[in-house]
Structure formats: C-alpha cells, structure tokens
There are 4 protein chains.
Amino acid sequence: MEIEIATIGGYEEVGRQMTAVRAGNDIVIFDMGLNLSQVLIHDNVETERMHSLDLIDMGAIPDDRIMSDLEGDVKAIVPTHGHLDHIGAISKLAHRYDAPVVATPFTIELVKQQIEGEQKFGVENDLVKMSGGESMTIGDHGVELEFVHVTHSIIDAINPVLHTPEGAIVYGLDKRMDHSPVIQDPIDMKRFREIGREDNGVLCYIEDCTNANKKGRTPSENVAREHLRDVLYSMEDYDGGIVATTFSSHISRVTSLVEFAKDIGRQPVLLGRSMEKYSGTAERLDFVDFPSDLGMFGHRKSVDRTFKRIMNEGKENFLPVVTGHQGEPRAMLTRMARGETPYELDDGDKVVFSARVIPEPTNEGQRYQAERLLGMQGARVYDEIHVSGHLCQEGHYEMLDALQPRHIIPAHQDLKGFSGYVDLASNQGYQMGRDIHVTRNGNLISIVD
Amino acid sequence: MEIEIATIGGYEEVGRQMTAVRAGNDIVIFDMGLNLSQVLIHDNVETERMHSLDLIDMGAIPDDRIMSDLEGDVKAIVPTHGHLDHIGAISKLAHRYDAPVVATPFTIELVKQQIEGEQKFGVENDLVKMSGGESMTIGDHGVELEFVHVTHSIIDAINPVLHTPEGAIVYGLDKRMDHSPVIQDPIDMKRFREIGREDNGVLCYIEDCTNANKKGRTPSENVAREHLRDVLYSMEDYDGGIVATTFSSHISRVTSLVEFAKDIGRQPVLLGRSMEKYSGTAERLDFVDFPSDLGMFGHRKSVDRTFKRIMNEGKENFLPVVTGHQGEPRAMLTRMARGETPYELDDGDKVVFSARVIPEPTNEGQRYQAERLLGMQGARVYDEIHVSGHLCQEGHYEMLDALQPRHIIPAHQDLKGFSGYVDLASNQGYQMGRDIHVTRNGNLISIVD
Amino acid sequence: MEIEIATIGGYEEVGRQMTAVRAGNDIVIFDMGLNLSQVLIHDNVETERMHSLDLIDMGAIPDDRIMSDLEGDVKAIVPTHGHLDHIGAISKLAHRYDAPVVATPFTIELVKQQIEGEQKFGVENDLVKMSGGESMTIGDHGVELEFVHVTHSIIDAINPVLHTPEGAIVYGLDKRMDHSPVIQDPIDMKRFREIGREDNGVLCYIEDCTNANKKGRTPSENVAREHLRDVLYSMEDYDGGIVATTFSSHISRVTSLVEFAKDIGRQPVLLGRSMEKYSGTAERLDFVDFPSDLGMFGHRKSVDRTFKRIMNEGKENFLPVVTGHQGEPRAMLTRMARGETPYELDDGDKVVFSARVIPEPTNEGQRYQAERLLGMQGARVYDEIHVSGHLCQEGHYEMLDALQPRHIIPAHQDLKGFSGYVDLASNQGYQMGRDIHVTRNGNLISIVD
Amino acid sequence: MEIEIATIGGYEEVGRQMTAVRAGNDIVIFDMGLNLSQVLIHDNVETERMHSLDLIDMGAIPDDRIMSDLEGDVKAIVPTHGHLDHIGAISKLAHRYDAPVVATPFTIELVKQQIEGEQKFGVENDLVKMSGGESMTIGDHGVELEFVHVTHSIIDAINPVLHTPEGAIVYGLDKRMDHSPVIQDPIDMKRFREIGREDNGVLCYIEDCTNANKKGRTPSENVAREHLRDVLYSMEDYDGGIVATTFSSHISRVTSLVEFAKDIGRQPVLLGRSMEKYSGTAERLDFVDFPSDLGMFGHRKSVDRTFKRIMNEGKENFLPVVTGHQGEPRAMLTRMARGETPYELDDGDKVVFSARVIPEPTNEGQRYQAERLLGMQGARVYDEIHVSGHLCQEGHYEMLDALQPRHIIPAHQDLKGFSGYVDLASNQGYQMGRDIHVTRNGNLISIVD
C-alpha cells in the first residue's frame, strides 16, 4: 500500500498545523490550524469575514492547494486538541472536504463553537466524537484510526495513530509526558510502547518539535501546580486585591487557581470572553467539577458589573482569574492596568501570571508594557508560574525509544527549531535524507511507493 | 546608645561576608566568609597554609583592619549558617578577637571542622551553640542577641537580631521565605512581625540582596522537591545508570534524592569528600534520618571501591549522588565524565543536575565542558532542577512590610545587584542617603550618634 | 561660597534631565528634558496641551518643586544640546523662572521651535546664544559660565562649566570623546585638561553614565561613517529601491547618507516631519552644506507627492532617508512597510537602519514588527550601522584623569546604570558616600557648606 | 557526466572541513581541516603523534572512510586558505591519496610547515602553487579547476571552482564580500557573476554558513581598520604600556596594528609562536612589507628577552602584539596577565583585543578569566575591535544573485546554523529536498546521475 505524507502547514512555524496522510486511496487530515500572529501583525483584520485565499496569502491558515496532488479521498479531518493553531482553520477549509471532523468530545465542542462564529463559509461537515483509547475504521483496506490519550496544556488531547498494513503512522502533535497531570489520566505510554512492538511497528512518526532545542524533561503539570500553590498560599494573609491570569484554555491550571483561591479564603471568579468559553465548556462537558458558586463572565458588561460588586464587597474576598497573560492590548488584565475597569489596583496588590511570555519580541513588548502599567498602580507581579505543554529533549528521547519508528518527520517548528531534534535522532542512528525527513510547508513525502 | 555598623566584606560581591555592629561599647560580628572565586582564579593556591594578609590582598577574605576604628569590645562572632562565604574566614581571622563563636549546632559543627583543617593559625575561640528561637545577653547595657529561625539552602540557618535600647538590628543574610521546607520548620515570619511591632521596632535591617534584581517570589524547597520527584519517577523504568549531583551542603535536597532513589528501587550512595562531610555531619547531629544502609564515601579510594562494587552489582540498582554540579574540574562528576573512575557511563544513562549553574563565565565554561564530556559518553542530562535559597523581590517586599525598619543596608551583592532593592525600597518611601545606606566594603555607618 | 546641587531629573532614568547648581545666591539650571516613554505608554496623550503638574505626575518631565528649597535666584537655564530629553520640558517649566535660556545656536533654534509648538503655556524667557569656547558672567560674585565644545550624536553640543571661587562644576552630559567627528571640531579635551589643572581645579563633575556598564571606548562617528560607506557602496550596482533611516537629529549621519547616496549615483531626499525639522534647521544655520538639490519634506502630502515622483522617475535613482528607525508605529518607514505610502517595496530592495534598537522591550517589539512587515514585502534589512553618542568606560576613565574632580555625581541612568561608573571611580580612589554621590531624583547635595 | 558530492566533514560543526567532488572519474577534495575544540576538551592530547583513526574517533579530523564509496581517482587536494579548520588534517590524511595539494602560495607555505611538524605520518604529496585567477586541467574529460580570489580573515584565500560539462561546482568556503580589504585585491565578484552567466551556469554551490543566522552585511576589513585606528590614536598621549592581541593569521589586522603603532610613536613587536609563524611567512612571501625594524619572536626565551628589553627601554616606546585573544590559558597575554613574563602591567595600561570572543562557553570562560587577571593588575581593556571573515545574510543573498546556482549545499555549520541560509534560499525559490541539500557529515549527494 502506498503511503504518502503531505506537510501542509506548521513545518516552518509554530501555528497553522495541517498534515495529510494518504494510505492507499484513503486520506486522513491531521489538524487545520491558524497562525494568529500572521493575522495580528496587520491592523484591523477580522478573520471571521475573510476568504480562505486571502488568509492563505497572509500565511494565517495552511495552504491546502497541495491536496490536489494527493490521489485519494479524504476520509476524516482529525484535530488533535482544541488549541487555535490546530483547529482555527477548520471554519475556513473543512467545507472543501467531504469528510467528518473526528475528535475528542472537548475538542469537538470547541470546533463546533468555532464553526458557529464563522461568517463567510457554511461549514457542514459531520462532527464525530471519539475518545482517547478508541478506534475507528477508515475506508475498506484495513486502515484503522486510533486515538492515544496524551497530556498537554489543554484537556482531552490525543495523538492519532493511523494503523496501516505497512505499519503505524503516529501523529505526535502536541504533548508532554505527564505522569501526574491534574486532570484526566497520565499519558498512555503503555499504549505507545505496545504500538512500537506490534507486528509492523511504527512506519512513521511525526513529532512536535516546539521545545526540541531545550534540554531535559518538561515537568509535570503537578510541578506548576505546587509552584502555584506556594505562591498563592504565601499571600494568605494579604488583605487587598489578588488577581491571576493564565491561558484560558488551560483547564487544569484554572482548576488549580480556583482551588487555591478557596484554600486562602477567597472567592474565585473567571473573567473575560475566552475564560468563560473554555471553562464553561469544560464544566458543561463534566471535565471539571468547579464549585457551584464559581462565577464566569465573558461579556464586558457583566465583567464590569462583577468588578463593581467585587469593589463593593471588598477586593480581599475575591480572586479574579482574567485574560491577558501576554499583555495583549485588549485583554482584561491590560484594561485593568490602564484603569479602564471598575477594579482598582492599590499599592501592594498582587498580580499572578501563571504563564510564560511567549518568546517573541511583539509579546515581550506588550507584556513589558502591561507590567509597567501594573507597576505604576503599585501592583506586585509574580510571573512565570508555568510549565510548558510540549516535550523537551528527554521526552523526545523516550518517545523514540518507545516507538522505534522507521521514519521520522519533525514538525511544529521551523528549521532552527528542528535542529535539536535532528541532532538527537542522528545520535540514535537516524540519518537525515534517509529516515529523518526534514521538510517545510507544502511538500509530499513518499514513505512507501 | 551609639549604634555604628561596619560593612567589612560582602558589600561589593557575593562572598567573604563580614559585618560588625557596635551598640555602645559592645560589638558583635556577623559572618566571616571566604570568596572562593578569588582563590580559584590563581593557579595552585592552598588557602590552608596562607596568611590572612595575603588572603585579604587577594580579595579572598574580609579586610577586617577597619575593626580598629570601632571603639568597643567584640563580644561575639556570629556566623548565620554554614556556607563558606559566611564561615570560611573564621580560621583566618577569629583568633584576633577575644570572643566566642556563637552559632546554631549545625553551623558550629562546620566551623569546628574548618578550624581543624587550618594549618597556619591556631584558632581557640570558644564555640557556643544557640538554636533558632533562643537568645543571649551581650554585655551589660541591655543588649540581647536573638536567633530567628529562617529557611535557606542549608539547614539550621538563622537571622541574628541584636536588640538594643535604640531598637533592633536585624541581620538578614541569607534566607528565602519558605513555608514548606523539606527539613526543619518554616521561616519564623511570626517572630519577624512581632519584632517589627515591638516598642522600639527595628532600627536597622541589613538585607541579603543576592536576588534583588529578580522578580516574584523564590519558590519553596517543596517546589524543587516535586520537580525532582517528577524527574526521578519518570526514570523508574530505566534499567541503566542514573547519577545525580547537587550542592553537598544542601541537606534537604540530598534527603529528597535519597528518598526518591529508594522510591524508584535504587540504592542511593553519597560520593565525594564534601558530600560525606555535610551529610555525615547532618546525620550525626540528628538533623536527618537517612536510611541505615546509606553509604557515604569521601576518600578517593573508598569512592572508587564503591564505584567498582556498583559496576559489579549492576548500575541499575544504584543512584550515586556525587559532587560536581558546577562542572568543577576536579569534582567527582567531572572525573566520571572523563572516564577516570571505575563507573562506566553508557548510552542513555541519566545525569541529574539538581542545581543551577552559577551565572559567571568561568562556571559556565566548566559546566559546559562537563556536559560535553558526559554527552560524548552517551549520557542524557537533566538540569536546573533547583530553586534558589535567596529572597527575590516579593520576599524583600514582605520583609520590609513585616519589619518596618527605620534604616536599611543592602548587602551580599555589588552595586548593580543592590539596584533592584533600592528601587523597591524607594517605592516604599525610603530614600537613598537618608535611610537607605548603599555602601561598599570598608565603611562605617553611624546609625545613632 | 556655598555650593549645592539639586538632582531634579534624570537620576533614575535616561530622560527628563534637569540639574540645578547653586553657587552662593546664584543658581544655574542645566537641562529641562522630557522622558518620552512615560508619555507614549499611555494611549492618546497630547503633551502640547497638558499641564506641567500632570506631566510631572506621569514622570514625563522633571519634578522641579524641589527648586523652592534652593535659596537663590535662577540666573540661567542651560540646555546642553537639542535632544528632547534635555530640552523637551522647557516649554512646560521655563516660564516659572525669570531667567534666560542660554545655549549654542543650534540648540537655541530647536528650543525656539519647541516653544512655538507649545499650546498650554506662554514661554517668554530670553533665548541667548553662546557657542562652545565662550563664557559669560553669572551674578556678581565671580561665577562664570563657560561652554566647552563636546562631541555627541547631535551637533553643537557643549558641556557647561560653572567656574566658582570653590572650583569648577563640570556638567558632563552628553558626550563621547570623538577626535574625528564628521561635522564640527573634535571634543575639546585640551580645555578639559586645563580646567583640571587650574588653581581651584574641579570641585564637582556630573557625569553622563548612559554607557557606564559598557567596556572599552565609544568609537568615533568616523567609524560609523566608514561602516555606512561600506554598506552603501556595496549596493552601488543594485538597480532597485534603497531606503535609509536614522535619528533625524543626527546631522552628521544624515550628511554621510546624503553624501554616499550621491557617490552611488542616487538622489538623496529627506522625508518625515522631524527629518525636515532638524536637517532644515542645520542647513539654515549653516552647520551643513547640503547639495542644493537636496529635497526635505515633512508634511504628509508633500512626502506622498515625493514618493509618487520617485516611483514615476524610477526608484533606482533615489535614496529616501526617512524617519522610523525604532519601528515607531506612525513613522514613515513603518508606513512604507505597511504599504500605506505610494513608495512600493519590491523583492530585493534594501532598507538601511543607521541606528541601533534602543534596548527596551517596547522598542524591540515595534522594531521587530517593522522588520517583519518589511520582510513580507521582500525588503533586505541592513541594521545596526551606528555608534553610540555616549562615553563608555574608557572615556569615563580618561575624563576622570583629565579633570581630577574632587566630587563626582553619576547621572543620566538609574542605579544599575550607575554601577559600572561607581566601580570604575572606586578603583580610582573615590569612595561612595564621601566623594561619589550616588543619588536619585529630587535630592539636594551640599558640596561646600 | 555523473556528478557526486561527498560531504565528509564540517557539515555538523565549524571545523574539520572536507568535501569531495566527483566529476565522472575525477575526484577533487576541497579542504582537510581540524576541529581543534575536539582536541582541547581532552587533557594532554598531542595531535602530532596521534594516529588518524584516533583523531577521527575524537571528532577532531574528517572521517574520510566514505571516500571508498566514491568511484574514481583523487586528482587534487585543494585547501582554500591556511586556517587550521581547512588545512589541519592534511598531515594526517593526505598521504592516503595519490594526488598533489594545490593551493595559493601562502596556503601552500602553511601546509608545508604543518607537514614538517607531523611526527606520525610521512606526507609526501606534491605541493603545487596556483594563484587566484588561475586555472588547471583536471583529468582528461574537460574538467577544469579555477581559483577565484576572495577576501577572508587570512590572506591569499580563494574559492575553487570546478568547471564540468554539466556546469560549475563552486566551493564557497570561507569568505566575506570585501570591496576594500587592507591587503590584496577586493573579492572578484565580477568573475563570480561571469561564471553565473556562462553557458552551463553553476550546477552546485557549496556555501559557508558560519554567519547565516546574522542579519545584514559583514563589514569590510577597512571598517575594522578604522575602528582600530580610532582606538589606538586615542591612546597617543598615554605614556605607559599598550599591548594588543589579535588572530595571528590575520595578516591585514597585524599590518594595521603595526602601522598604527608607528603612527602613535611606538615600536611594534610581534610576540608568540604563531605570531612569528604567520607574519614571518607573509613577509618572506612578500605579501606584506613590514618596517625593517619590526621584531618577531616566537620562542619563549627570545620573547622574554624582548620583554626585558621593553621594560628597560621604557614600555611607553613599544606596542607588543601578542597571542591570547581568546584568553587561551597558555598564550602570551594570559601569561602576562598572570605576571609570568618580565613585562609588568601598571595601573592604566591598555590592552587592545582586536578580536571577538568566539561565542562558546569554554572560550567565554577563559577570556573572562584573562580579563579579570588583567583587571587585577590595573589594565584597561578595549575589546571587540573586529569584523568577521564570513558572509552574513546579505552576502549570501548577493552570492545567490550572482551565481544563480541550480543546487546549493549549506556547509561550515550545524543544522541550526544552516537554518538562516535555508530560509533565505527558500525565499529565493529554492526548495529543501529538491535543490537545497541540507545534510550532515558522511553523506553522498548525487547531483547528476
């Protein structure tokens, strides 16, 4: 059976991931993501109303025109998890394919919301839920799609595995190797090791190289949790305002914030459009069991009403968890820093960034401005209380050891980002040009002729 | 009562700490430390045989000649904890003063060992033990010396407080604000707050500015412990060699390593002269309760014999904890990396650095070399599993809030290092030249005329 | 005669410089500057219409309320050169003092323009021109004000020296030690050495510490010129667009750009409001002799008309020199990068940044965005063709050697920035608290009681 | 005609360069270099006595065993210039090939000296001189070898071009695009452009990617020269010691140092084994015309005798140019810093580093130590007076434009180092896997089957 892999997007950047695997006549697409930074660099762009081709030209969504070179039928579109760089182009591209979107329940829900927000295209693909540990048949030639449960900075993440007669194709984006996550099960390394030892073994492994130039092991979410606990507990005696911010989609982290807020005698409240969206969704789908009195508010009016209530009832009784961890100009925390909300910061009030600045000068500049504005109001800043959601080098080492793939394709970075992974794999006996396929967007790699 | 403070050493560097406080006619000396880097930059220097004046000229020990300008009698020499930069000059300088060395039991034991190693001077000062929470009278004019228990990267650390009729002098070197240390009690913030509210309050606070340019809060040792647990547990299934290194004097960290080694089914063993020294001392004094079968070996012969035994019985059964976390050329780990010990590293063996590289080009070069040599042997490196022992900015903020001192003196850094502290204190209403005393080595500051 | 120095602004930052020196009853004010970054962090602030007190509260202009503690009469306001951080608050503060503004001709002209732009206050101080090398009498007690010619990144810069019966006060902001500047004479080191050897010598030296943490010697403008020549000559054969940007006030650099443009067969043209302002002023005052056909256009309409002409006549015949070297969002180059001007960038077009990014995250973010946008249009970027206008450590060393001042006051930085200078001076025998006066904004230093 | 390229060494590192090109049955080898850092990391290694295989195992010299996979006869060994990473393995590997070494006169002389120093192997290959601009025939099938003159940080550098019936193979290591070098002609860009436009054009270009991640254009040697002039002229009035250090093989730089020493009234003198070697060779071969009284001393005895003479006759009359610009522990400058030579450094003496620290932690550590030791003796340090010898991105852009090669192979870096070049080439329409051949050591690339 011919096996071919199209590296459509996310092979020159972190963002707009999209990969297609053809096994005989059956094609499965993994991820359809958005590169938000390519949108934001332009003033006043509203993606909801834009045409795909314009977004492709901007480098914002994958250039899927190469799909016409792949002979076969798309049988499924499989986003691995609910981050925008993996699902953000579904509303712009999925309608071109006569295939269902297959994903875990939480991811499907986020895809559904995204499609509902789309204003240019009518996207009517079926949305099919499949959980980690489950499988489905693809086409009629013995190809099977399996979801292996993994751990990432969003819940309900999986690595899809396409079992073919030639061996398994493991699509390894995005994960860290977490044996003590705060929510859901640890990563299913047992299953990966089994797949590595099965009859045909692993034909090809496509790997998340986000942190491939970083040494060591990405810590468990539990380490971030203990760090966060240490920070919040240290504020137990403070009788003024405490505000926290983190990635809205990071449900485990939000859960820890909510829990520790309670522990130190404060009422947590989630504020900001995407805070409400992700946490609300997680709660509705029963992934978390938030306290019944936990408020979540997204619309500006209800947020401001909540801030007023907090000011009336006493800041010392609340812990608002807000958007704005990167200093985004229009996010909640930046508005607070500019004094544009009813919440007043006083000397000594604490602001907890449970996030790391994404290391890119634009973010660094915005975050710096936000911190300066917070500082002008007397706020005290606690930052970098975070662990990454992506494997570092020792995780890559362990994955190669578990899967023993015959071919590997580095993804989710540019060439500089791949370099640490290629070095590592070369030391393990792989060879660039032979079984390490270093590539860029828009290539077809023939694995089995 | 006149109060004068002599900033003898450690006000232009991290190292060779020494401060004298005169209250009326009674003088107490805090710390007498060594700046090891000033020794190591020269080839073939053996401090044990050197004269004080030569070491002073080298910038290795404090220049205590300024003590002759202080009118009064030295009543006590008070090292705050057992690190070399606080006790390392006692063997060279203490004999000049007719006063006992007063310190906590663990510190006293380390001072005793140091004096025994001295070959140039006979040091015969009394060694007096006093624990955190205890006090003693100094002289006849109502001056009292109290030890407040603090948390640092070595056990049995205290902050000495000299209670005078004019208010308390708090000598704040070195500490972090740890509410969940692994060994001993949390920092005694309750007592600091009491001292801040007492009748005369705090006249002067001398502060450890090591990390004064770093934002946020120094995490608890518990955070490093959970990080270390995550790393070691992730290696549970590995059936080859695992080696760890950390600061020998960091008894909490060594304890965690020993405990997690057991958890993953390996026999821990401590190797290297200073590993044996510090852990042996801690065990003898009952600060830790190591497993009865824990081996500690310092002499090269017994270390090599142990390595041979490990190789014979199977590396997969052991976890050697060795010296060499900074890549020091003659330390155990560097010798292992060079293949100079019987322990053979194989492809995939793990080396855990539970330490951060001290950010200075010499260390960075040596550590880089050590890691390159380890890598040539196939070892996998896990580094930076560590938290600092020194307050960051939010700790400083809390200490000022607790103590409300009338004067502050930044210490344990150079001017660039002080700058973050001065900024912080200025924002709190202090003013340089009025109540912030930014100084250098060798000055006398008159606090009360 | 009592000598007192008020450190009003620019002792905690680079920006809003202001220092007053009282000699007996006569007071001279050096500089009245603006800290632009304190303005820009707020949205939509128009300083022209703002009241002084609001600008003081924002940290944008010096807080001169301390002047009421100085007993005496202000006899002169002396800006050292025409940069905004030295003259930018004159329109907001000068009218409070019954004293003339005394400065070099180029500086006076820039002050005049600034006053004309002011919309809140009527500033009617006399504007008095005095050139480098000249002197004037201040008051009736033997105090003399001398201007020593120095070299900086703007022309007609001086260091004012106040000769008093107690010795000279040398106000050393801002300069580098340039022996081969492109315009005007080299720095007058001979005069500094004379002043250092005169009867009363130098009582106090206030020093520009901008680069005090940088090793070595700031290169001459001639080095930047040869670098720039190398870059532009290398483009001689290119037949598309070349655009350059630099500091508008940097007349020497603009002159070199103009000259090299001609050398490679292109018509230079200066575009952008401040380009026109500074170069036009320099030409009117005969500081430069630009080619008679050199166009300078400031208003958007005439700029756009020029761009259209360039596109019509062929980009390959022109070299526009534009504003926007820091990626400022509204500057000309950023507009070009966004495609908002008639000038179209093509693949391979060259953009020359004869400037260094000011190392602050906001600038770095904006500049990064500008370069990304330029790159999207195919432009090739040549950056960092620049030398600083401020002394590095060896310049400071030489100044101390020349002046042999009895007191020194570091300025034009914050404490971290001062640290390199204090280290250097301490090595030369000065001592903090005795003759090195490290201070912050708003202090009075009594030099002679 | 089949064309095949073997990437033997220098494709994973900067060092041990070696590439073989097979055109039909004729093979030409370009470079045979040494990676010195792989030697120095081990203690006490003497390469002169070592066997090739051991040096290959250490990663110190190229692993040329892949040559047996190339069917054909080696016709020439062509080192491009005299740096060790290009000629340093000739004494270990050349004797295996029955072929002459063909190089420019200066390079041949350095090869000869290296072979004379070899103690393990007898190397008897013919040494054939050919200058830039000349050609020779290779084999009997219309293959021609041409040397195009280029500019680098050593004189007499060329880029060899192998003209084949299929087009030219341009071996582009190492160069910068210098239009105003201090010695010899500018780079022969005219010839490169001709080759790019010839009938068959350029089949393949192998490029020096050392600086491929650096923006802009590498400045001309003339820029470094003017920088150096500025520094040394600024010391004209200093009446104590001035010492300079630079790369010994950098004859242009040494020439500038010698000239400027004279200009400021000092007698230059070259000290250190490699200073004598390179400058002596350049003078004997008439590449430079040093002043007749210029002393060059290599042996320690004569160096120390010279230092004694300098001390006797007055340091203020001399400018020693010595080895040790990277702080190498045994180099002359480090010995001076440790006080191990008769030359005594006094307070205020100047040390000029006309070199940049090679950015690797080992060098950075050693250089830091050297500067600290110099500082302890009162020396003032002027560093980074240098420009690189390698193309930055805009040079790469221009070379692609000139040559228009059909295939490109990035070399002289590792994958991370290649990334900037691949990005640039991709923007120019090349595609990885199609005509950009990103590779590692030990691969065969078939360009024409």
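All figures in this text were calculated on a predicted structure; none of them were measured in a lab. (Residues numbered from 1 in each chain as written. Chains lettered and ligands numbered in written order. Predicted model: local features only at pLDDT ≥ 70, side-chain atom pairs only at ≥ 80, totals over all residues.)

### Section: the interface of chain C and chain B
Inference 1: On the chain B side, the residues contacting the 13 residues of chain C number 13 residues.
Inference 2: At 6 residues, the largest contribution of residues to the side of chain C that touches chain B is made by helix 14 (residues 415-427) of chain C.
Inference 3: In terms of residue class, the side of chain C that touches chain B is built from 4 nonpolar, 5 polar and 4 charged. (Contact = placed C-beta atoms within 7 Å. Helix = DSSP H or I, 4+ residues; strand = E, 2+ residues; numbered from the N terminus. Nonpolar A, V, L, I, M, F, W, Y, C, P; charged D, E, K, R; others polar.)

### A few points about helix 9 (residues 273-284) of chain A
Residues and elements named next belong to chain A.
Inference 1: When the terminal C-alpha atoms of helix 9 are compared, their 16 Å separation across 12 residues agrees well with the 16 Å that a helix rising 1.5 Å per residue should span.
Inference 2: For helix 9, the full list of buried residues reads M275, E276, Y278, S279, T281 and A282.
Inference 3: Contacts made by the buried residues of helix 9 are with helix 5 (105-117), helix 8 (251-263), strand 13 (267-271), strand 14 (295-297) and strand 15 (318-322).
Inference 4: The positive-phi residue at the C-terminal boundary of helix 9 is D286, with phi of around 65 degrees. (Expected span 1.5 Å × (residues − 1). Buried ≥ 20, exposed ≤ 12 C-beta atoms within 10 Å, placed from the backbone.)

### Overview of the relation of the copies chain B and chain A
Inference 1: With an RMSD of 0.0 Å, the operation that places chain B on chain A is a rotation of 180 degrees combined with a shift of 0.0 Å along the axis. Both chain copies can therefore be described as sitting about a two-fold axis. No C-alpha of chain B approaches the rotation axis more nearly than that of V223(B), which lies at 3.4 Å.
Inference 2: When the interface residues of chain B are mapped onto chain A, 100% of them again lie at the interface, so the same face is used by both copies. (Least-squares fit on C-alpha atoms with pLDDT ≥ 70 in both.)

### Quick look at helix 8 (residues 251-263) of chain B
All names here are of chain B.
Inference 1: With 13 residues, helix 8 should cover 18 Å at 1.5 Å per step; its first-to-last C-alpha distance of 18 Å lies within 8% of that length.
Inference 2: Those residues of helix 8 that fall on the buried side of the exposure criterion are I251, S252, R253, V254, T255, S256, L257, V258, F260 and A261.
Inference 3: Buried positions along helix 8 lie against helix 7 (221-233), strand 12 (242-246), strand 13 (267-271), helix 9 (273-284), strand 15 (318-322) and strand 16 (350-354).
Inference 4: One or two positions beyond helix 8, positive phi appears at G265, with a value near 80 degrees.

### What to know about the UniProt feature "binding site: Zn(2+) 2" (unreviewed entry) in chain A
Residue and element names in this part refer to chain A.
Inference 1: Taking the UniProt record as the reference, the feature "binding site: Zn(2+) 2" (unreviewed entry) is found at D85, H86, D174 and H412. A maximum C-alpha distance of 10.6 Å is found for the annotated residues, which run over 328 residues; spatially they form one tight group.
Inference 2: Of note, D85 is situated in helix 3 (residues 84-87).
Inference 3: The class of D85 is buried, set by 25 C-beta atoms lying within 10 Å.
Inference 4: If we ignore the near neighbours within four places in the chain, the residues touching D85 are V14, G15, R16, Q17, G33, L34 and N35.
Inference 5: On the neighbour-count criterion, H412 (27 C-beta atoms within 10 Å) is buried. (UniProt positions renumbered as here; feature names shortened; annotations may be inferred.)

### Some details on the packing of helix 7 (residues 221-233) of chain C against helix 7 (residues 221-233) of chain D
Inference 1: Two elements in contact, helix 7 of chain C and helix 7 of chain D, have axes whose closest approach is 9 Å; the angle formed by their N-to-C orientations is 175 degrees. On the basis of their axis angle, the class for helix 7 of chain C and helix 7 of chain D is roughly antiparallel. Touching N222(C), V223(C), E226(C), H227(C) and D230(C) of helix 7 of chain C are N222(D), V223(D), E226(D), H227(D) and D230(D), all from helix 7 of chain D.
Inference 2: For the contact of helix 7 of chain C with helix 7 of chain D, the residue count by class is 2 nonpolar, 4 polar and 4 charged. (Axes fitted to C-alpha atoms, helices over the stretch in contact; angles between N-to-C directions. Parallel < 35°, antiparallel > 145°, perpendicular 65-115°, else oblique.)

### Some thoughts on the sheet that holds strand 17 (residues 380-382) of chain A
Hydrogen bonds along the backbone pair up the strands of a sheet, which may run parallel or antiparallel.
Residue and element names in this part refer to chain A.
Inference 1: Across the sheet, 6 strands lie side by side as 14-13-15-12-16-17; this open sheet has parallel pairing. In this open sheet, the two strands that pair with only one neighbour each are strand 14 and strand 17. On average, each strand axis in the sheet is tilted by 20 degrees relative to the strand beside it, whichever way the strands run.
Inference 2: Here helix 8 sits on the sheet in contact with strand 12 (242-246), strand 13, strand 15 and strand 16 (350-354), set at roughly 150 degrees to strand 13.
Inference 3: Where helix 10 (residues 300-313) meets the sheet, it contacts strand 13, strand 14 and strand 15, and its direction lies at approximately 135 degrees from that of strand 14. (Pairing = 2+ DSSP bridges.)

### A look at the relation of the copies chain C and chain B
Inference 1: Superposing chain C onto chain B takes a rotation of 180 degrees plus a shift of 0.0 Å along the axis, which leaves an RMSD of 0.0 Å.
Inference 2: When the interface residues of chain C are mapped onto chain B, 100% of them again fall at the interface, so both copies present the same face.

### A short note on the sheet that holds strand 18 (residues 407-411) of chain A
Residues and elements named next belong to chain A.
Inference 1: In spatial order, the strands read 7-8-9-10-11-18; together these 6 strands make up an open sheet with mixed pairing. On the outer flanks of this sheet lie strand 7 (135-138) and strand 18, each paired with one strand and no other. Averaged over neighbouring strand pairs, the angle between their axes works out to 20 degrees when direction is ignored.

### Some points on the UniProt feature "domain: Metallo-beta-lactamase" (unreviewed entry) in chain A
Inference 1: UniProt's feature table lists "domain: Metallo-beta-lactamase" (unreviewed entry) at residues 15-227 of chain A, given in the numbering used throughout.
Inference 2: Counting secondary structure, residues 15-227 of chain A comes out at 23% helix and 25% strand; the distance between its end C-alpha atoms is 29 Å.

### Focus on the interface of chain B and chain A
Inference 1: Listed as interface residues are 22 residues of chain B and, on the opposing side, 22 residues of chain A.
Inference 2: Looking at the side of chain B that touches chain A, the elements that each hand over two or more residues are helix 7, strand 17 (380-382) and helix 13 (393-403) of chain B.
Inference 3: It is helix 7 of chain B that contributes the most residues to the side of chain B that touches chain A, 7 residues altogether.
Inference 4: In terms of residue class, the side of chain B that touches chain A is made up of 8 nonpolar, 7 polar and 7 charged.

### Focus on the packing of helix 7 of chain C against helix 8 (residues 251-263) of chain C
Residue and element names in this part refer to chain C.
Inference 1: At a closest axis distance of 10 Å, the pairing of helix 7 and helix 8 adopts a crossing angle of 30 degrees. When the interaxial angle is binned, helix 7 and helix 8 end up roughly parallel. Classified by chirality, the crossing of helix 8 by helix 7 is right-handed. Of the residues in helix 8, those in contact with E221, A224, R225, L228, R229 and L232 of helix 7 are S252, R253, S256, L257 and F260.
Inference 2: A class-by-class count of the residues in the contact of helix 7 with helix 8 yields 5 nonpolar, 2 polar and 4 charged. (Left-handed = near helix turned anticlockwise from the far one by under 90°.)

### Brief notes about unusual backbone geometry
All names here are of chain D.
Inference 1: Not every positive phi belongs to a glycine, and R16 is a case in point at roughly 40 degrees.
Inference 2: Looking at where R16 falls in the secondary structure, it is placed in the loop between strand 1 (3-9) and strand 2 (18-23).
Inference 3: Backbone geometry at Q184 places phi at a positive 65 degrees, although glycine is not the residue there.
Inference 4: On the basis of neighbour counts, which here come to 18 C-beta atoms within 10 Å, the residue Q184 falls in the partly exposed class.

### Regarding the pairing of strand 10 (residues 167-172) of chain D
For a regular strand, side chains alternate in direction, first toward one face of the sheet and then toward the other.
All names here are of chain D.
Inference 1: Among the 6 residues in strand 10, 6 count as buried, and that is most of the element.
Inference 2: Of the strand pairs in this sheet, strand 9 (residues 158-164) and strand 10 are connected by 4 bridges, and their pairing is antiparallel. Bridge pairing in strand 10 places H163 opposite A168.
Inference 3: The pairing of strand 10 with strand 11 (residues 202-208) spans 5 bridges and is classified as parallel. Its bridge partner lying in strand 11, I169 is registered against C204.
Inference 4: This β-α-β element, strand 10 to helix 6 (residues 189-197) to strand 11, shows right-handed connectivity. (Right-handed = clockwise from strand over helix to strand, strands pointing away.)

### Topic: the environment of L36(B)
Residue and element names in this part refer to chain B.
Inference 1: By the element assignment, L36 lies in helix 1 (residues 36-40).
Inference 2: In this structure the C-alpha to C-alpha distance between L36 and G216, which are 180 residues apart in sequence, comes to 29 Å.
Inference 3: Apart from residues lying up to four places away in sequence, L36 is in contact with G15 and L84.

### Side note on the domain arrangement of chain A
It is common to give the size of an interface as the accessible area lost on bringing the parts into contact.
All names here are of chain A.
Inference 1: Partitioning chain A into domains gives domain 1 (3-217 + 389-448) and domain 2 (221-382).
Inference 2: A separation of 31 Å is found between the C-alpha centroids of domain 1 and domain 2.
Inference 3: If you look at the interface, domain 1 gives 16 residues, while domain 2 gives 16 residues.
Inference 4: Residues of the side of domain 1 that touches domain 2, tallied by class, amount to 8 nonpolar, 5 polar and 3 charged. (Domains from an automatic or database assignment.)

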